[in-house]
Every structure is written in C-alpha cells, then in structure tokens.
Amino acid sequence: MYSIYRTVLLAAGMAVCFTAHGAAQQLAHQTENPQAPAVYFTADISAEGLMKVYAALEQQITGSVGIKVSFGGPDEQYLDPQLLTGLVGATDGVLIDSNGLAGNRWTSAMNYALADVHGFTDAGRVQMLDEDGDIDMPVPGGHLLTTARTGRHFDQYDTLIAVHRFKLHYIEAMGGNIKNISLCLASKSGKNLIHSGGTDPDRYHSTEPDVLARAFADAAKAAVTYKPNWAFINVLDSFEPDDHCAQTENLGNIGIIASLDVVAADQCALDLTLERSSADEQTKQAWQDYHQTDVLKYAEDIGVGSRNYRFISLDE
C-alpha cells in the first residue's frame, strides 16, 4: 500500500485510515450503519483492480450494457481507457458519451476522433448518444429542472455503468460521477438546460454556482430514475491539479472505488481526496466551497443517494 496513507479492513468490517503520524481516523462520511450503501475500495489501479471492485457490487446485468465515460477533450487529463478492458470484456459493454458545447467537442465526428486518438476505440466499441437526436427524462421532485435531456441512443441500454476519473481540482464543478451522469450525459441542448437552471435549452448561460449544483443534482436524479440499474466507479489516480486553488498537490495513486449509489461513490472519493491532502482544514473547506461540493447534499435531498456509506476495502 502507499506509505503516507493506508486503509485496512478490521475484523468488525470497519475501515480505518492511518496517517503518517499513526493516528487512526474514519473517513468523514463513513458509517457502520448496515443500511448505508456499500463503497468498495482497492488500491490496485489497474484493469484487474477495477474489475475487483465492480464484481463486488454484484450488479444484475440485463439487456444491453452502456459504460458512461468521457472521451476527453484535446487538453484534458482523461481516464486511462486501458482500465476499462476487463469491464468491457466481462459485460460486452459499449463505451458511451455525449457531445459538448466546446468547439473541439461540438460534433459526433469530433468526439469519435477524440475517442480514437485517446485510445477508447482500442478498449471497446464506442457510441455518441446524441448523434441521432435527443430524448427527455423527467426529473421527479427536482430543485430546478422538470426535465433533463440526453441522446436518443440512451434508450437502447438497460444496464449502465458510470466510470470516471475523479477530479476535485479541475474545473469549478467537482469532477465525479454525479457530473458524469448529469452534465456529461446531457446532449448539447441538455447541457444548456443544466447551465441555465432549467430555463433555456437553446443557449449557454453562465449561472450562479449554487444554481448549477442544484441543476446537476436534478439531472442526476433524472438519469437514475429513467434507468434505475446503475453502477458507479471512481478512479482516484495520480491526477495533476489544474486550477488555482491554494495548497494543491498531486496526491499520487489512491485507488478505485465502486458503489451502486452515486452520491456515496462521489462523497467517498471526495473524503479520500481531502483525507490524503496535507492542506489545512480552512483551505480544504475553501476547496469544497469553490468546487460546488454542495451538489452532494442537493442530490441526497432529492433522493439520488446517500452521503453516508460503508467503506469496504478489498485489499488484504
């Protein structure tokens, strides 16, 4: 395991984190409540490690499998597609994504080219969900949105697996699987809906961060309601911070986590990131404020998932 920070599974089934100073500390939202969703962890960042945490979920696979990833822009630090090879082989899944609002991701042709250049076509079949039009998904009990919008091809998948390279210090919105199944799942008009807080599907709007976080939560609620059979995997690898937050550092490889609950998966990834960092608590709070981590609370409030989780290490 890593030298600064390691996780062990105690006989009672509770994971405890040990810092370099030897002090034991639970992750911030970790619980022993047996009703809380499970989050499985391995420090093995490999195709085999990803399959280990995914297999622990025992997701019931029915019909066609869509694996929601981001093919990445030209200058992005994207997910290593080789991590997906075992998952694609085991599920016969198709790697799916949606078009973006930026010029270099505006068309399906551009995104297929990026998927090829970035190695996703070597890992499996790929598809742009919105290359042939859109569908609307209702948002039951949302904060702002009544409808979220994605590509028409989303309808052909029965089992969904979302895999994301977790990034706190990148763009303002925290980069986890809530973002992956809300903004990143959305078609171009769906992205406009989210950015406008549900008011305008035709144009991009720069909204207040709190409005955007609530809209992310709403769109995530639409995705998990419209297609209820989801699994969520966050990869916490050696990511280079790419923003202007103070006291950031490359935290090295932390591990891979998986859950059937998207809120639990993202909350655990955030907790691991904050616990691993050597920054002071005031700075960590400033990071959370800037990166709109209130999206986790907003998602929990409308029933997307739970911020509290059972942390289960699969490493001996």
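Here the structure is shown first, and the text comes after it.
Residues numbered from 1 in each chain as written. Predicted model: local features only at pLDDT ≥ 70, side-chain atom pairs only at ≥ 80, totals over all residues. Heavy atoms only, no water.

**Examining the overall build of the protein chain**
Item 1. Summing up its helical and strand segments, the protein chain has 10 helices and 13 strands in all.
Item 2. A globule of 316 residues ought to have a C-alpha radius of gyration of about 20 Å, and the protein chain, at 18 Å, matches this closely.
Item 3. In terms of overall dimensions, the protein chain has a C-alpha envelope of 55 × 40 × 40 Å along the principal axes.
Item 4. Evaluated residue by residue, the protein chain yields a buried proportion of 57% over its 316 residues.
Item 5. In the protein chain, the share of contacts with a sequence separation of at least 24, taken over all contacts with a separation of at least 6, comes to 71%.
Item 6. For the protein chain, the accessible surface area stands at approximately 12800 Å², while carbon and sulfur atoms represent 48% of it.
Item 7. Taking the average location of the 21 positive side-chain charges in the protein chain and that of its 41 negative ones, the two points are 3 Å from each other. (Helix = DSSP H or I, 4+ residues; strand = E, 2+ residues; numbered from the N terminus. Rg over C-alpha atoms; globule rule 2.2 N^0.38 Å. Buried < 20%, exposed > 50% of the residue type's maximum accessible area, 1.4 Å probe, protein only. Contact = heavy atoms within 4.5 Å. Areas by Shrake-Rupley, 256 points an atom, 1.4 Å probe, with all protein chains shown as cover. Lys, Arg positive; Asp, Glu negative; His and termini not counted. Charge placed at Lys NZ, Arg CZ, Asp CG, Glu CD.)

**Examining helix α9 (residues 281-290)**
Item 1. For α9, every residue scored as buried is listed here: T283, K284, W287 and Q288. Down the axis of α9, the smallest arc covering the buried residues is 145°, so these residues share one side. Exposed residues on α9 whose side chains face more than 90 degrees from its buried face are Q282 and D289.
Item 2. The secondary structure elements touched by the buried residues of α9 are α8 (262-276).
Item 3. Taking the backbone nitrogen of Q282 as reference, a side-chain oxygen 3.1 Å away marks D280 as the first, capping residue of α9.
Item 4. Just downstream of α9, Q292 is the residue with a positive phi angle, here 60°. (Arc of directions from axis to C-beta. Polar contact = N/O pair within 3.5 Å; in protein donor to acceptor, adjacent residues only side chain to side chain.)

**Looking at empty space enclosed by the protein**
Item 1. All chains considered together, the criterion is met by three cavities of 30 Å³ or more.
Item 2. Taken as a whole, the largest cavity holds about 180 Å³ of empty space.
Item 3. Taken together, the residues of the lining of the largest cavity break down into eight nonpolar, five polar and three charged. (1 Å grid on protein atoms, 1.4 Å probe; cavity = no way out; pocket = protein on both sides within 12 Å on 5 of 7 lines; lining within 4 Å. Points joined across faces, edges and corners; volume = space filled by probe spheres on them. Nonpolar A, V, L, I, M, F, W, Y, C, P; charged D, E, K, R; others polar.)

**A short note on helix α6 (residues 188-195)**
Item 1. α6 sits mainly inside the fold: seven of its eight residues count as buried.
Item 2. Listed as buried for α6 are S189, G190, K191, N192, L193, I194 and H195.
Item 3. In this structure, the buried side of α6 is in contact with β8 (134-138), β9 (147-151) and α7 (209-226).
Item 4. Looking one or two residues beyond α6, the residue adopting positive phi is G197, at roughly 70°.

**Quick notes on the environment of H153**
Item 1. When you line up the elements, H153 lands in the loop between β9 and β10 (159-165).
Item 2. H153 sits 72 residues away from T225 along the chain, and the two C-alpha atoms are 17 Å apart.
Item 3. Residues in contact with H153, not counting those within four places in the same chain, are Q127, M128, L129, E131 and D132.
Item 4. At 3.0 Å, the side chain of H153 forms a polar contact with the side chain of Q156.

**Digging into the packing of aromatic side chains**
Item 1. Within the structure shown, the criterion is met by six aromatic pairs.
Item 2. Note on F154 and W230: the rings are 6.3 Å apart at their centroids and 35° apart in plane angle, and the pair reads as tilted. On the criterion of sequence distance, the pair formed by F154 in the loop between β9 and β10 and W230 in strand β11 (residues 230-236) is long-range, its members being 76 residues apart. Each member of the pair F154 and W230 is classed as buried.
Item 3. The interplanar angle of 10° and the centroid separation of 5.6 Å between the aromatic rings of W230 and F232 together place this pair among those described as stacked. The two residues W230 and F232 agree in class, both being buried. (Phe/Tyr/Trp six-rings, centres within 6.5 Å; stacked < 30°, edge-to-face > 60°.)

**Points about the layout of surface pockets**
Item 1. Approximately 470 Å³ is the volume attributed to the second largest pocket.
Item 2. Secondary structure elements with two or more residues in the lining of the second largest pocket: α7, α8, α9 and α10 (295-301).

**Comments concerning the sheet that holds strand β6 (residues 94-97)**
Item 1. Strand order across the open sheet formed by eight strands is β7-β6-β5-β10-β11-β12-β4-β13, with mixed pairing between neighbours. Strands with a single pairing partner mark the edges of an open sheet, and in this sheet they are β7 (126-128) and β13 (310-313). Strand-to-strand twist in this sheet, taken as the mean axis angle between neighbours without regard to direction, amounts to 25°.
Item 2. When β6 meets β7, the two strands line up parallel, connected through three bridges. Of the residues in β7, the one forming a bridge with I96 is Q127.
Item 3. Contacts between α8 and the sheet are confined to β4 (38-42), β11, β12 (255-259) and β13, with β11 contributing the most and set at about 10° to the helix. (Pairing = 2+ DSSP bridges. Axes fitted to C-alpha atoms, helices over the stretch in contact; angles between N-to-C directions.)

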